[in-house]
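# Geometric and topological summary
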Amino acid sequence: MQYRQTQVMGGYWKAALCGLAVDRHGHFYAAGDSHICMFDAAGRLVRRWASARPALAVGVAVDGAVYVGEAGQIEIFDAGGKLIDTWRDQARLGRVTAIGFIGDSVLAGDAADRAIRRFERHGAFLNNIGKNNPVNGFLIPNGVLAFAVDAQGIIHAANPGKHRVERYTADGELRGHIGRFHGTDPAGFGGCCNPTNVAVADRIYVTEKAGPRAKVYDFSGQLEAVIAADVFDPNCKNMSVAVDGRGRVYVADTVKLAVHVFEQVTV
Amino acid sequence: MSQDLSRRDLLRDVVRGTVLAVMGGGALFLVRKANGQVVWQVDATRCVNSRLGELGVEACNLCTTQCVVALSAVRAVNDHAKCGRCNICPAYFNITSAVDEKGYPSEKLCPRDAITRKPIGKVDPEDPANNFYEYFIDEKKCDGCGKCVMQCKEPLGLGSIVLRVRYDKCVDCNRCAIARACPKDALVRVPMALGSR
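Residues numbered from 1 in each chain as written. Chains lettered and ligands numbered in written order. Predicted model: local features only at pLDDT ≥ 70, side-chain atom pairs only at ≥ 80, totals over all residues.

If you tally the helices and strands in chain A, you get 0 helices and 24 strands. At 17 Å, chain A has a C-alpha radius of gyration in line with the 18 Å of a compact globule built from 267 residues. Dimensions of chain A, computed from the C-alpha atoms along their principal axes, are close to 45 × 45 × 30 Å. Taken over 267 residues, chain A has a buried fraction of 47%. Considering only residue pairs separated by 6 or more positions, chain A has 44% of its internal contacts joining residues 24 or more positions apart. (Helix = DSSP H or I, 4+ residues; strand = E, 2+ residues; numbered from the N terminus. Rg over C-alpha atoms; globule rule 2.2 N^0.38 Å. Buried ≥ 20, exposed ≤ 12 C-beta atoms within 10 Å, placed from the backbone. Contact = placed C-beta atoms within 7 Å.)

Attention now goes to the interface of chain B and chain A. In this complex, chain B contributes 23 residues to the contact, which on the side of chain A involves 24 residues. Residues that form the side of chain B that touches chain A fall into these classes: 14 nonpolar, 7 polar and 2 charged. (Nonpolar A, V, L, I, M, F, W, Y, C, P; charged D, E, K, R; others polar.)

Moving on, we get to the environment of Lys82 of chain A. Residues and elements named next belong to chain A. Here Lys82 shows up in the loop between strand 8 (73–77) and strand 9 (83–88). When the 9 C-beta atoms within 10 Å are taken as the criterion, Lys82 is described as exposed. Along the sequence, Lys82 and Ala50 sit 32 residues apart, while their C-alpha atoms lie 9.7 Å from each other.

To continue, consider the sheet that holds strand 2 (residues 17–22) of chain A. Residue and element names in this part refer to chain A. The strand order across the open sheet formed by 4 strands is 2-3-4-5, and the pairing between neighbours is antiparallel. If you trace the sheet from one side to the other, it starts and ends with strand 2 and strand 5 (45–50), each paired once. For this sheet the average axis-to-axis angle between neighbouring strands, irrespective of direction, equals 15°. Here strand 2 runs beside strand 3 (residues 28–32); their pairing, made up of 5 bridges, is antiparallel. Following the sheet pairing, Val22 is matched in strand 3 by Phe28. (Pairing = 2+ DSSP bridges. Axes fitted to C-alpha atoms, helices over the stretch in contact; angles between N-to-C directions.)

So, about the domain arrangement of chain B. A common way to state how big an interface is: give the accessible area lost once the parts meet. Per the domain assignment, the segments of chain B are domain 1 (1–35) and domain 2 (36–195). Using only C-alpha atoms to locate each centre, domain 1 of chain B and domain 2 of chain B end up separated by 44 Å. (Domains from an automatic or database assignment.)

Residues and elements named next belong to chain A. Taken in spatial order, the 4 strands of this open sheet run 14-15-16-17, and their pairing is antiparallel. Of all strands in the sheet, those with a lone pairing partner are strand 14 (147–149) and strand 17 (174–178), marking the two edges. Between one strand axis and the next, the sheet turns through 25° on average, direction left out of account. Here strand 15 (residues 155–159) pairs with strand 16 (residues 164–168) via 5 bridges, running antiparallel. When the sheet's bridge partners are listed, Asn159 is paired in strand 16 with Arg164.

Right, let's get into the nonpolar core. Residues and elements named next belong to chain A. Ranked by size, the top nonpolar core spans 121 residues in total, and within it Tyr29, Val58, Val198, Tyr205 and Val241 carry the most contacts. With 5 residues, strand 2 is the single largest residue contributor to this core. Every residue in contact with Tyr205, bar those within four places of it in the chain, is listed here: Val198, Ala199, Ala214, Val216, Val241, Val243 and Val249. (Core = buried A, V, L, I, M, F, W, Y, C linked by C-beta atoms within 7 Å.)

In structure tokens:
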């Protein structure tokens, strides 16, 4: 399996590019600086609106509502960028670096407390995920907690300190993991703490830092491809990744402040 | 004529003033140095081992080889507040060495074995990945070679390890041999209060 870069989107961010997401209509969203950018499938900017605080993560619910993770809160916008609601909870939403959805539940990755929070759709807290273990949460030296939800409602969370992607149910039960440390084998996760970010579709997509690269695994943990490595700035880390319904992979270059788009090469 | 004289006077006064200022500054510096108020320190933002963006290069060991003090007055120091306490620390392990049966790199990085680690909290023997560690640098063994500093640097690590001049070892040369050799001018004179941080 091979991928080729088909597009690079840049020039929209000045200081930070943190979170990427796609919706079921093929729109692509990017959270960076203190705003959200919405692009169409061809990469044209459709809409851009401001968030109250620096935007750290973005997720799009089935109804089209756009959830933006920030420090201490989640802002919820309609598809047109109009603010609908704000969930403030300094204790449970200390630093929201990932957003996801399972049925009617909203999931938020709180990097400050190293746990995934599950809320019902109006914001009532339900349970923690990944907190009940000997180290009291995910090991995230990079300061970002990243996860994605598959079509069966299983949460795939990056646990970079363990060099793993872990699988959890919505109620927080650990079901297993893929990944292992290896400093030279591309099938392994290198360095102190990788992978940093994860996306899930028909496969598991991850990004790593030092050196930065994007890779794809099957659900059993077999490496299928290194999507790209040498196109990113070598100082990149915490590169958000998203995959759309056509299998296009979006990766954020956090230094050059650009989104790289990759498509599978069909032989 | 009188205009020429006044110009000459002015020029002379300026030169005198400049000379006096330089001498005064030098004297003040010497007094402060004599009182231990100005010291040599490594500027981590200049040092090639810790400076961000310097990737893919060998660690510079001029602090080890140039210092007039045996084993160098420059040592690696770990800022525990910044340390990620990683299970597989790139400054502790040689992360490109072969992986052993437990899943760890088989070699340590430090050529003098100056870094040790201690598990934090309850140890999980079943799953070593569940453990995390406090890392300590034995300054009696460290010679300031900078290898761990280079590996701890962002983005590979968190930049918690840096090189620092240790004042119980530094003999405070007027012309520091490391400063003369350092290609990045990373050895700088700073007030004692700043240097001790």
